Amino acid sequence: MTSPSRTRTAFPAVPLCRWCAGADVEFGWYPSALLEVADALPASARLAAACRGTGDRPLLVRVADALDRYRGPSTAPGAVLDVGAGFGGPAAWLRRERGLATFGVEPSQDAVAAARGLFPWVPMVRGDAQRLPVADGAFEAALVLGVVSLVDDVRRALLEARRAVRAGGVLALTDYVGLDVPARSAGRDPWSGGHPLLPPGTKVRLLRDVLATVEATGWVVAESVVGPFEPDEPWVTEREDVDRVVESHVARTPHGLGAACRRALRAERRARARFAEAVDGGFVTRLALVARAV
Ligand SMILES: C[S@@+](CC[C@H](N)C(=O)[O-])C[C@H]1O[C@@H](n2cnc3c(N)ncnc32)[C@H](O)[C@@H]1O
């Protein structure tokens, strides 16, 4: 008796969509998905969800207070350039809460569209920090919030910010920075995906290098704070609620090239958690500084 022949079922290979395959979610489809659900969100949730680099109001308050302090009592507030403005949250908050005339420059088309949809009263244009599409000295201040870890050339970006700001004006910069190169990463780039704790593509710069580059590009550091921030709990909660709304919205869209992908959203969250581990592990901390243009 012969055994029944076994037939193998050939399942078609399911191609990974570009989000599953590692394309950036946060500044890829997330802003469009956020925009699609925006009408259902209260104004405070829109602001919380649109602050992606600073994440918290204490920092924005610190930025606004520094601008007030250095402007002097009698001078009217000038224009403030938000470089790498993301979804426009910080520019919108500073405009609404502190009356600053903020303008955003942001390279991601999707992020610009989200910012314009969420906060149509904040002017926002596409552009790169390393080649700002603005006139010399047109601004009283430049904000560079969460951008230093993403630009290729930090020196070029800070020179451009300096060109955009009048003499005596202000730079407010914040980002995660490395305290030192971890010893066990010898022989490989510890910050750009070589380090297992950090998401690929994150270019964490060393604190000392950022400070030296600020000073070498026409700025003098007036104040700097190094160390973790108290989380802004109400905003953290609102952001998580918005993420859930976005996730259930995304679950109803077809999966595939160009479509939003839940699996990738979860991977993005894991990457953020890995980054938080790096912060907790003491490899990375947060820098907030204010500098004057000389
Ligand atoms: C962490 S997010 C911060 C967004 C915003 N500043 C905030 O605090 O909510 C970093 C932003 O930098 C932008 N970015 C990346 N490369 C850039 C570049 N070369 N020039 C300007 N912005 C850039 C990203 O598109 C993203 O919107």
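Note: the structure precedes this text.
Residues numbered from 1 in each chain as written. Predicted model: local features only at pLDDT ≥ 70, side-chain atom pairs only at ≥ 80, totals over all residues.

Trainee: With reference to specific residues and values, describe the overall build of the chain.
Mentor: When you go through the chain residue by residue, the secondary structure sums to nine helices and eight strands. When the 294 residues of the chain are sorted by exposure, 38% land in the buried category. Within the chain, residue pairs in contact and separated by at least 24 positions form 76% of the contacts whose partners lie at least 6 positions apart. (Helix = DSSP H or I, 4+ residues; strand = E, 2+ residues; numbered from the N terminus. Buried ≥ 20, exposed ≤ 12 C-beta atoms within 10 Å, placed from the backbone. Contact = placed C-beta atoms within 7 Å.)

Trainee: Go over helix 5 (residues 109–118), please, and point to the residues and values.
Mentor: Taken residue by residue, helix 5 has Ala-111, Val-112, Ala-114, Ala-115 and Leu-118 as its buried positions. For helix 5, the buried positions fall inside an angular range of 160 degrees around the axis, keeping them on one side. Looking at the buried side of helix 5, the elements it contacts are helix 1 (30–37), helix 2 (43–49), strand 2 (101–106) and strand 3 (124–126). (Arc of directions from axis to C-beta.)

Trainee: Got a sec to walk through the packing of helix 1 against helix 5? Specific residues and values, please.
Mentor: Two quantities define a packed helix pair, namely the angle between the axes and the distance from one axis to the other. It is at 8 Å that the axes of helix 1 and helix 5 come closest, and there the two elements cross at 20 degrees. Comparing the axis directions of helix 1 and helix 5 gives the class roughly parallel. The handedness of the crossing between helix 1 and helix 5 comes out as left-handed. Across from Pro-31, Ser-32, Leu-34 and Leu-35 in helix 1, the residues of helix 5 making contact are Asp-110, Ala-111, Ala-113, Ala-114, Gly-117 and Leu-118. Within the contact of helix 1 with helix 5, the residues separate by chemical class into seven nonpolar, two polar and one charged. (Axes fitted to C-alpha atoms, helices over the stretch in contact; angles between N-to-C directions. Parallel < 35°, antiparallel > 145°, perpendicular 65-115°, else oblique. Left-handed = near helix turned anticlockwise from the far one by under 90°. Nonpolar A, V, L, I, M, F, W, Y, C, P; charged D, E, K, R; others polar.)

Trainee: Explain helix 9 (residues 262–280) residue by residue, including any values.
Mentor: Between its first and last C-alpha atoms helix 9 spans 27 Å; for 19 residues at 1.5 Å apiece the expected length is 27 Å, and the two agree. What helix 9 keeps buried is the set Ala-264, Leu-265 and Ala-278. Looking straight down helix 9, one finds that the buried residues subtend no more than 125 degrees of arc, so they occupy a single side. Turned more than 90 degrees away from the buried face of helix 9, the exposed residues are Arg-263, Arg-266, Arg-270, Ala-273, Ala-276 and Asp-280. Looking at the buried positions of helix 9, the neighbouring elements they touch are helix 8 (233–251) and strand 8 (284–293). Immediately beyond the C-terminal end of helix 9, within one or two residues, lies Gly-282, with a positive phi of roughly 85 degrees. (Expected span 1.5 Å × (residues − 1).)

Trainee: Any chance you could break down the site of the ligand for me, citing the residues and the numbers?
Mentor: Around the ligand lies a shell of 23 residues, among which Gly-53, Gly-84, Gly-86, Ala-129 and Gly-146 are the nearest. Class assignment of the residues belonging to the shell around the ligand gives a composition of 12 nonpolar, eight polar and three charged. (Near = placed C-beta within 6 Å.)

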